[in-house]
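Each chain, letter by letter, is given below.
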Amino acid sequence: MVDVTEYFARTRLVPVVVLNDAAGAGPLADALVAGGLRTAEVTFRTDAAVAAIERMAEHPEMLVGAGTVVTPQQADEAVAAGARYIVSPGFSSRVVTHCLQLGIPVFPGVATATEIQMALDAGLDTVKFFPAGQLGGPASVKALAAPFRNVKFVPTGGVTTDNLADYLAIKAVLAVGGTWMVAPDLLEAGDWAEVTKRTAAAVAAAKGEQQ
Ligand SMILES: O=C(O)C(=O)C[C@H](O)[C@H](O)COP(=O)(O)O
């Protein structure tokens, strides 16, 4: 089984996908892989989520996760469709407990020290920090990480190619997530070339290469 935390430590980027039509899932997987990324968090923000996860998971190189999972039932649907990790915008004991029982890696969202302690109490050591930009950006991640030496963060919300290096420079940051590489308007328009271009730019920025 793939260690998802290890995987994120290598890719350092988690594209957050909002697909209204699952027909785009195949081309989107190809576009991401062409840009150098082999994972995507497909959100339950749309009814197409389950079908989109199924199709993206068919891509032999993709590690597909499910995002915006707010109920245990969605976690079940995501796993059945082929999701290999679960992400939530906030901390839900029900969702976390259920995922632990299923044995699927789960990354709940946190915004406060209290929520980080809830994650620790549940036995987790990696959390999403959401919405990162609006909560104060890298400075907030640093301040929150200080007392929690073994916690890893995936800041998401307001991250772009221009600011991702500021987050990734923080030791406690495992990876960053966001929609900028797979912006909903690009997916609506089927502009896969632009998805590949933005993905490649983000991958280069994550490696610290000149743009
Ligand atoms: O859908 C979820 O489960 C979320 O938690 C929210 C998304 O991860 C962010 O909305 C992405 O933020 P942007 O990259 O600023 O668009």
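Now for a look at the structure at hand. (Residues numbered from 1 in each chain as written. Predicted model: local features only at pLDDT ≥ 70, side-chain atom pairs only at ≥ 80, totals over all residues. Heavy atoms only, no water.)

1. Thoughts on the site of the ligand
Put simply, the test is: Note on terminology: near, applied to a residue and a molecule or strand, indicates that one of the residue's heavy atoms is within 4 Å of it. Polar contacts, as used here, are pairs of N or O atoms within 3.5 Å; protein pairs need one atom able to donate a hydrogen and one able to accept it. Residues neighboring in sequence count only if both atoms are side-chain atoms. Per-residue and other accessible areas follow the Shrake-Rupley method at a 1.4 Å probe size, with only the shown protein chains counted as cover for residues.
Around the ligand, the surrounding shell consists of Val-16, Thr-43, Arg-45, Thr-68, Pro-89, Lys-128, Phe-130, Thr-156, Gly-157, Gly-158, Gly-178 and Thr-179. Interatomic distance of 2.7 Å between a backbone N/O atom of Gly-158 and an oxygen atom of the ligand. Summarising the interface, the protein chains cover 85% of the accessible area of the ligand, which totals 410 Å² for the free molecule.

2. Quick word on the environment of Leu-186
To keep things clear, this is the line we draw: The numbering of helices and of strands both runs from the N terminus, where a helix is a DSSP run of H or I of at least 4 residues and a strand a run of E of at least 2. In what follows, residue pairs with any heavy atoms lying within 4.5 Å of each other are defined as contacts.
Assignment of secondary structure puts Leu-186 in helix H9 (residues 184-189). Contacts of Leu-186, omitting those with residues within four sequence positions, involve Met-181, Asp-191, Glu-194, Val-195 and Arg-198.

3. Overview of the packing of helix H2 (residues 25-35) against helix H10 (residues 192-206)
A pair of packed helices is captured by two measures, namely the crossing angle of their axes and the spacing between those axes. Cut-off, in case you're wondering: Where helices are involved, their axes are fitted lines through C-alpha atoms of the stretch in contact, as for all axes, and angles between N-to-C directions lie from 0 to 180°. Handedness of a crossing is defined here by the sense of rotation of the near helix relative to the far one, left-handed for an anticlockwise turn of less than a right angle and right-handed for a clockwise turn. Residues are grouped as follows: nonpolar covers Ala, Val, Leu, Ile, Met, Phe, Trp, Tyr, Cys and Pro; charged covers Asp, Glu, Lys and Arg; every other residue, Gly included, is treated as polar.
Taken N-terminus to C-terminus, the directions of H2 and H10 make an angle of 35 degrees; their axes are 7 Å apart at the nearest point. With respect to the hand of their crossing, H2 and H10 are arranged in right-handed fashion. Contacts between H2 and H10 involve Pro-27, Leu-28, Ala-31, Leu-32, Ala-34 and Gly-35 from the former and Trp-192, Val-195, Thr-196, Thr-199, Ala-200 and Val-203 from the latter. Residues belonging to the contact of H2 with H10 are distributed by class as follows: nine nonpolar, three polar and no charged.

4. Some thoughts on the side chain of Ser-140
Counting through the fold element by element, Ser-140 comes out in helix H7 (residues 137-145). In terms of polar contacts, Ser-140 uses its side chain to reach the backbone carbonyl oxygen of Leu-135, at 2.6 Å. Contacts of Ser-140, omitting those with residues within four sequence positions, involve Phe-129 and Leu-135.

5. What about the environment of Glu-188?
Mapped onto the fold, Glu-188 is located in helix H9. Here the alpha-carbon distance between Glu-188 and Gly-24, two residues 164 residues apart in the chain, equals 8.5 Å.

6. Examining unusual backbone geometry
As a reminder, the rule being used: Burial status follows relative accessibility: with a 1.4 Å probe on protein chains alone, a residue under 20% of its type maximum counts as buried, one over 50% as exposed, and anything between as partly exposed.
Following Phe-130, the chain continues to Pro-131 via a peptide bond in cis, the omega torsion being -5 degrees. Mapped onto the elements of the fold, Pro-131 is located in the loop between strand S7 (126-129) and H7. You will see that Arg-12, though not glycine, has its phi angle at about 65 degrees, which is positive. Examined against the element boundaries, Arg-12 turns out to sit in the loop between helix H1 (4-11) and strand S1 (13-17). A positive phi angle is found at Thr-68, which is not glycine, with a value near 55 degrees. Within the secondary structure, Thr-68 sits in the loop between strand S3 (63-67) and helix H4 (72-81). On the basis of relative accessibility, which here comes to 21%, the residue Thr-68 falls in the partly exposed class.

7. Considering the nonpolar core
Put simply, the rule reads: Residues grouped as a nonpolar core are buried Ala, Val, Leu, Ile, Met, Phe, Trp, Tyr and Cys residues, joined through side-chain atoms within 4.5 Å.
Core analysis: the largest hydrophobic core is formed by 66 residues, its most contacted members being Met-56 and Leu-164. Top contributing element to this core by residue count: H2, with six residues. Other than its neighbours up to four places away in sequence, Met-56 contacts Ala-25, Leu-28, Ala-29, Leu-32, Ala-40, Val-42, Met-62 and Val-64. Val-14, Val-87, Val-154 and Leu-174 belong to the second largest nonpolar core, which has eleven residues in total.

8. Points about H4
Regarding H4, the residues found buried are Pro-72, Gln-74, Ala-75, Ala-78 and Ala-81. Its buried side turned inward, H4 meets helix H3 (49-57), S3, strand S4 (86-87) and helix H5 (93-102). The first or second residue beyond H4 is Gly-82, which carries a positive phi of 115 degrees.

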